[in-house]
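Listed below are the residues making up each chain.
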Amino acid sequence: MGTPKPLIVPWLRKKLDGGCYPGVRWLDQGRTQFRVPWKHGLRQDASTEDFQLFRDWAIDSGSFRPGQDAPAPSVWKRNFRSALNRKPGIQVLWDHSSDSADPHKVYEILPDGARAGADEAPNAAVGGTEADTSSQLLDRSGSGFSSSQDEELDDILNALALSSPDEDALGPALAPGAPYASDVATGGALSPGFGDFPPLVPAPSSLEQLLGSNELMTFFEVRVYYRGHLVLQTLVPNPQGFRLVPPSPGPSPRPELADVVLPDPGALVDRVQASYTARLLQGLGAGVLLRVEGPSLCATRVGRLHAYWGRTETPEPGAEGGELSKEGYTPLYDLPRFVRELICFMEGQGSSPTYELWFCLGEAWPDTGRPWKKKLIMVQVVPTALQTLHQLSQAWGASSLRAEELDLRISDSLGDAGLLGALRDWEERMESQPYG
């Protein structure tokens with residue numbers, strides 16, 4: 001039998017207590033806040049020491065075998081970050097990864113009492129039966145929720161005794177040996193438990209083809225979370241779009257779209273959470289459809305279950321998003337707008353454009369009152385073409401608080417004009433030759 005994978009929190013505490021790495025240290029006497037250097041791999045002053053913490057976690061967690069696997073610092077760092085992000089008791093206090101002098105992040109380990117207070121509530125506070133509660137997540141006689149019903153729904157969900165087991169103490173959120181199989185249709189994979197998912201690396205796209213069109217041409221990276229736990233990660237190589245569907249989906253109203261099948265929640269350890277998630281999936285019906293139409297990405301819901309969208313997992317008041325229409329398609333993303341925002345970003349005249357989309361099934365979103373990790377079903381969608389352009393803009397000198405590692409193989413076709421010149425030409429062509 002192999003060595004079991006270590007638990008990230010006690011592993012990290014041991015490393016911090018031992019002062020094993022330069023710049024990795026506790027920041028308070030209570031040993032709750034710590035800093036981690038976070039250099040970009042493309043920096044000229046980056047060294048092997050800057051990635052030693054991430055490398056050691058990759059070795060100890062079993063995802064990297066020295067002498068057998070090729071070194072991949074960007075993958076090590078991404079997996080380390082993902083392991084921390086999946087912990088409900090750890091949060092980022094400050095992200096200074098774009099600081100040119102001292103790039104780093106500051107994390108906080110939340111006290112056990114605070115985490116328990118957020119995740120546990122007396123079941124006696126819930127009014128009505130479980131069936132009454134779940135029915136409020138669906139259409140009532142074909143009509144939508146009123147604002148008072150939305151508030152009532154939030155109160156009910158906040159009062160539910162939906163436990164989030166401490167991963168370090170109680171094991172994974174899925175029962176051992178959960179019968180999750182490969183998702184052949186979309187090329188993704190389901191994993192029993194919540195270990196590290198393999199990184200999804202789409203093949204480099206042709207920039208000439210992308211920048212020469214006035215249509216949105218992209219694949220989609222999709223991640224599904226059940227109450228903050230990643231349960232599905234897949235790449236959808238269908239530029240026409242896809243639909244989110246329950247287990248054992250029926251015929252599709254749009255057969256040209258790929259199916260992303262949401263995992264059966266039956267393997268969840270928390271039986272209350274599993275029951276409510278299953279009821280939501282039953283109401284999903286023919287699903288939520290995301291479709292590319294010319295330069296735009298739009299979506300609609302087909303089933304009884306209300307569905308909502310937004311642009312970020314941490315929305316501020318007045319954030320863009322809202323409920324998806326059932327009568328027609330709701331516009332979500334516009335390619336010309338993204339190009340304009342990216343040009344302004346590269347010229348130093350605007351903030352970094354967003355390209356991710358977040359969907360919440362059965363509960364209102366955006367929601368500044370309840371974090372996304374408390375929602376029963378959240379789906380993150382990343383159009384990979386927009387992500388590639390954003391990463392290229394960083395490589396050409398634009399700074400961002402969310403810097404990502406970049407595969408520079410795809411930049412060779414830009415020529416002497418560079419990315420900014422190519423984007424300006426692209427914007428001009430889209431203005432002079434609109435779609436349709």
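Residue positions are given per chain, counted from 1 along the sequence in the order it is written. A pLDDT threshold of at least 70 governs which residues receive local features in this predicted model, and a stricter bar of 80 or more applies before side-chain atom pairs are shown or counted, although totals over entire chains, interfaces and linings include all residues. Calculation of side-chain values draws on the structure's entire complement of heavy atoms; hydrogens and water are dropped beforehand.

**Points about the overall build of the protein chain**
Put simply, the rule reads: Put simply, DSSP H or I for four residues or longer makes a helix, DSSP E for two residues or longer makes a strand, and each gets a number counted from the N terminus. Whether a residue is buried, partly exposed or exposed follows from its accessible area with a 1.4 Å probe, protein chains only, as a fraction of its type maximum: under 20%, in between, or over 50%, in that order. Contact definition: two residues touch when any of their heavy atoms are within 4.5 Å. Accessibility throughout is a Shrake-Rupley quantity obtained with a 1.4 Å probe, and a residue counts as covered only by protein chains that appear here.
The helix and strand tally for the protein chain stands at 12 helices and 17 strands. The buried share among the 436 residues of the protein chain stands at 48%. Taking as baseline every contact in the protein chain between residues at least 6 positions apart, the subset at least 24 positions apart corresponds to 63%. On the protein chain, roughly 19900 Å² of surface is accessible, and the fraction owed to carbon and sulfur atoms is 51%.

**Thoughts on the sheet that holds strand S2 (residues 33–37)**
Short version of the rule: Any two strands with at least two DSSP bridges between them are considered paired.
The strand order across the open sheet built from 4 strands is S1-S2-S4-S3, with neighbouring strands paired in antiparallel fashion. Two strands in the sheet have a free side with no partner beyond their single neighbour: strand S1 (25–26) and strand S3 (90–96).

**Re the packing of helix H2 (residues 52–60) against helix H3 (residues 73–85)**
Note the threshold: Between the N-to-C directions of two axes lies an angle of 0 to 180 degrees, each axis being a line fitted to C-alpha atoms and, for a helix, fitted only over the stretch in contact. Roughly parallel refers to an angle under 35 degrees, roughly antiparallel to one over 145, roughly perpendicular to one between 65 and 115, and oblique to any angle outside these ranges. Classes in brief: Ala, Val, Leu, Ile, Met, Phe, Trp, Tyr, Cys and Pro nonpolar; Asp, Glu, Lys and Arg charged; the others, Gly included, polar.
One way to put it is that H2 packs onto H3 with a least axis distance of 8 Å and a crossing angle of 75°. One element, H2, and the other, H3, form an angle in the roughly perpendicular class. Two secondary-structure elements touch here, H2 through Leu53, Phe54, Arg55, Trp57 and Ala58 and H3 through Trp76, Lys77, Asn79, Phe80 and Ala83. When grouped by side-chain class, the residues that make up the contact of H2 with H3 number 7 nonpolar, 1 polar and 2 charged.

**Section: the environment of Gln380**
The condition that has to hold: We call two N or O atoms a polar contact when they sit within 3.5 Å, provided that within protein one can donate a hydrogen and the other can accept it, with sequence-adjacent residues counted only if both atoms are side-chain atoms.
Residue placement: Gln380 occurs in strand S17 (residues 377–383). Residues within four places of Gln380 in sequence aside, it is in contact with Glu221, Val222, Arg223, Tyr225, Glu356, Leu357 and Trp358. Engagement of the side chain of Gln380 in a polar contact is seen with the side chain of Tyr225, the distance being 3.3 Å. Reaching out from Gln380, the side chain makes a polar contact with the side chain of Glu356 at a distance of 3.2 Å.

**Structural notes on the packing of helix H1 (residues 8–18) against H3**
At a minimum axis distance of 10 Å, the contact between H1 and H3 shows a crossing angle of 115°. Note on element contacts: H3 touches H1 through Phe80, Ala83 and Leu84, opposite Ile8, Trp11 and Leu12. By residue class, the composition of the contact of H1 with H3 is 6 nonpolar, no polar and no charged.

**What about the pattern of salt bridges?**
As a reminder, the rule being used: By definition here, a salt bridge exists when the distance from a side-chain nitrogen of Lys or Arg to a carboxyl oxygen of Asp or Glu is within 4 Å.
Going through the model one piece at a time under the given rule, you end up with 14 salt bridges. Residue Glu341 pairs with Arg337 through a salt bridge whose shortest N-O separation is 3.0 Å. Here Glu341 pairs with Arg337, and both are found in helix H10 (residues 335–346), just 4 residues apart, close to one helical turn. The partly exposed category is assigned to Glu341, whose relative accessible area is 28%. Under the relative-accessibility criterion, Arg337 is labelled partly exposed at 28%. Residue Asp367 is joined to Lys375 by a salt bridge in which the shortest nitrogen-to-oxygen separation is 2.7 Å. Classification of Asp367 as buried rests on a relative accessible area of 12%. Several salt bridges share partner residues, and in doing so they unite Arg311, Glu320, Arg337 and Glu341 into one network.

**Observations regarding the sheet that holds strand S12 (residues 296–301)**
Across a sheet, paired strands are connected by hydrogen bonds in the backbone, their directions being either parallel or antiparallel. Strand order across the open sheet formed by 5 strands is S10-S9-S11-S12-S15, with mixed pairing between neighbours. In this open sheet, the two strands that pair with only one neighbour each are strand S10 (258–261) and strand S15 (330–334). Strand-to-strand twist across the sheet, computed as the mean angle between neighbouring axes with direction ignored, equals 20°. Examined bridge by bridge, strand S9 (residues 241–245) and strand S11 (residues 288–293) share 4 bridges and lie antiparallel to one another.

**Overview of the side chain of Arg243**
Inspection of the secondary structure puts Arg243 in strand S9. According to the relative accessible area criterion, Arg243 is buried, its value standing at 1%. Side-chain polar atoms of Arg243 contact the backbone oxygen of Gly250, separated by 2.8 Å. A distance of 2.6 Å separates the side chain of Arg243 from the side chain of Asp259, its partner in a polar contact. The residues touching Arg243, leaving out its near neighbours within four places in the chain, are Pro249, Gly250, Pro251, Ser252, Pro253, Leu257, Ala258, Asp259, Val260, Ala286, Val288 and Leu289.

**A look at the nonpolar core**
Stated formally: Among the buried residues, those of types Ala, Val, Leu, Ile, Met, Phe, Trp, Tyr and Cys that are joined through side-chain atoms within 4.5 Å form a nonpolar core.
Core analysis: the largest hydrophobic core is formed by 55 residues, its most contacted members being Phe242, Leu262, Phe359, Ile377 and Leu423. Among the elements that make up this core, the one with the highest residue count is H10 (7 residues). Of all hydrophobic cores here, the second largest spans 24 residues; its members include Val9, Trp26, Val36 and Leu53.

**Things to note about the confidence of the model for the protein chain**
Our working definition: Confidence of the prediction at every residue is given by pLDDT, a number between 0 and 100.
Per-chain confidence: the protein chain averages 74 in pLDDT, with 69% of residues scoring 70 or above. Scored below 50 in pLDDT, residues 140–206 makes 140 contacts in the model with residues more than four places away or belonging to other chains. Under a pLDDT of 50 for its full length, residues 398–416 has, in the predicted model, 45 contacts with residues more than four places off or in other chains.

**Side note on the environment of Leu332**
Its location among the elements puts Leu332 in strand S15. Here Leu332 falls in the buried class, since its relative accessible area comes to 2%. Not counting residues up to four positions away in its chain, the partners in contact with Leu332 are Leu297, Cys298, Ala299, Trp309, Arg311, Leu324, Leu357 and Phe359.

**Quick look at the packing of aromatic side chains**
This is how it is decided: Stacked, tilted and edge-to-face pairs are distinguished by plane angle, under 30 degrees for stacked and over 60 for edge-to-face with tilted covering the rest, among Phe, Tyr and Trp rings (Trp via its six-membered ring) whose centres lie within 6.5 Å.
All told, the structure shown has 12 aromatic pairs when counted by the stated rule. Judged by centre distance (5.1 Å) and plane angle (65°), the rings of Trp11 and Trp57 are edge-to-face. Separated by 46 residues along the polypeptide, Trp11 in helix H1 and Trp57 in helix H2 bring together distant segments of the chain. With a centroid separation of 6.0 Å and an interplanar angle of 20°, the aromatic rings of Tyr225 and Trp358 are classed as stacked. Remark: Trp358 occurs in strand S16 (residues 357–361) and Tyr225 occurs in strand S7 (residues 220–226); sequence separation between them is 133 residues. What makes Tyr225 buried here is its relative accessible area of 12%.

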